[in-house]
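The primary structure of each chain is shown beneath.
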Amino acid sequence: MMSNIALVGFMGTGKTSVGLALSEKLGNTFIEVDALIAERAGKSISEIFCEDGEAIFREMEKQTIAEVSQKSGVVISCGGGAILDPQNVASLRRNSVIVLLTASLEEIVQRVARNVDTRPLLNASNLEGRVRELFGTRQPFYLSAADYVVDTSGLEPNEVADSIIDCVTEET
Ligand code: S3P
């Protein structure tokens, strides 16, 4: 069975744009977990956080990841908090190579500052402080879930996609 490639990593590390570029290069279907959740809920991720709460969002995320993990030969982009739940990591591990995208803190801050409104967890007066705090607590989870780590700093999505293909070629 052909493995999936699951992209994980902090908000603003390029999971969506890299996932799109990667799926185009591989000719594989691209599944963005957050987009699927929003489509099914009929509202945006911010609205789910605001109206239903983060716990409900995390349940939806868990179910969606369990479901899409059963596919094969797809590129899956996970929300930045997905791998904090060991069940999500276990779901992904069954049939996916897990690729962690990273970027420098400066670049993450620059990227997320462009669309803070779509990211309820970054709704803070001190954006840089909030990113630093979340990044620090999450980094060990990201690293322990990852089969490969790819730094996206200063790179275009196409270039990152090529690096990922180089990394995983022998596995897929
Ligand atoms: C989250 C990241 C978001 C989205 C939700 C929670 C997180 O996805 O799932 O706002 O906990 O880091 P992106 O990483 O695609 O922004």
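Look a little higher up for the structure.
Residues numbered from 1 in each chain as written. Predicted model: local features only at pLDDT ≥ 70, side-chain atom pairs only at ≥ 80, totals over all residues. Heavy atoms only, no water.

Student: So, the sheet that holds strand 2 (residues 29–32): which residues are in play, and what are the values?
Tutor: If you walk across this open sheet you meet the five strands as 2-3-1-4-5, and the pairing is parallel. In this open sheet, the two strands that pair with only one neighbour each are strand 2 and strand 5 (148–151). Across this sheet, the average inter-strand angle for adjacent strands is 25 degrees, counted without regard to direction. Here strand 2 runs beside strand 3 (residues 74–77); their pairing, made up of four bridges, is parallel. Note that in strand 3 the partner of Glu32 across the bridge is Ser77. The strands that helix 8 (residues 157–168) touches are strand 1 (4–8), strand 4 (96–102) and strand 5; relative to strand 5, the one it contacts most, it runs at about 160 degrees. (Pairing = 2+ DSSP bridges. Helix = DSSP H or I, 4+ residues; strand = E, 2+ residues; numbered from the N terminus. Axes fitted to C-alpha atoms, helices over the stretch in contact; angles between N-to-C directions. Contact = heavy atoms within 4.5 Å.)

Student: An account of the packing of helix 4 (residues 54–68) against helix 5 (residues 86–95) is requested, with residue identities and associated values reported.
Tutor: Where helix 4 contacts helix 5, the two axes come as close as 9 Å, and the packing angle between them is 15 degrees. Considering their axes alone, helix 4 and helix 5 lie roughly parallel with respect to each other. Classified by chirality, the crossing of helix 5 by helix 4 is left-handed. Facing Glu61, Lys62, Ile65 and Ala66 of helix 4, the residues of helix 5 in contact are Gln87, Asn88, Ser91 and Leu92. (Parallel < 35°, antiparallel > 145°, perpendicular 65-115°, else oblique. Left-handed = near helix turned anticlockwise from the far one by under 90°.)

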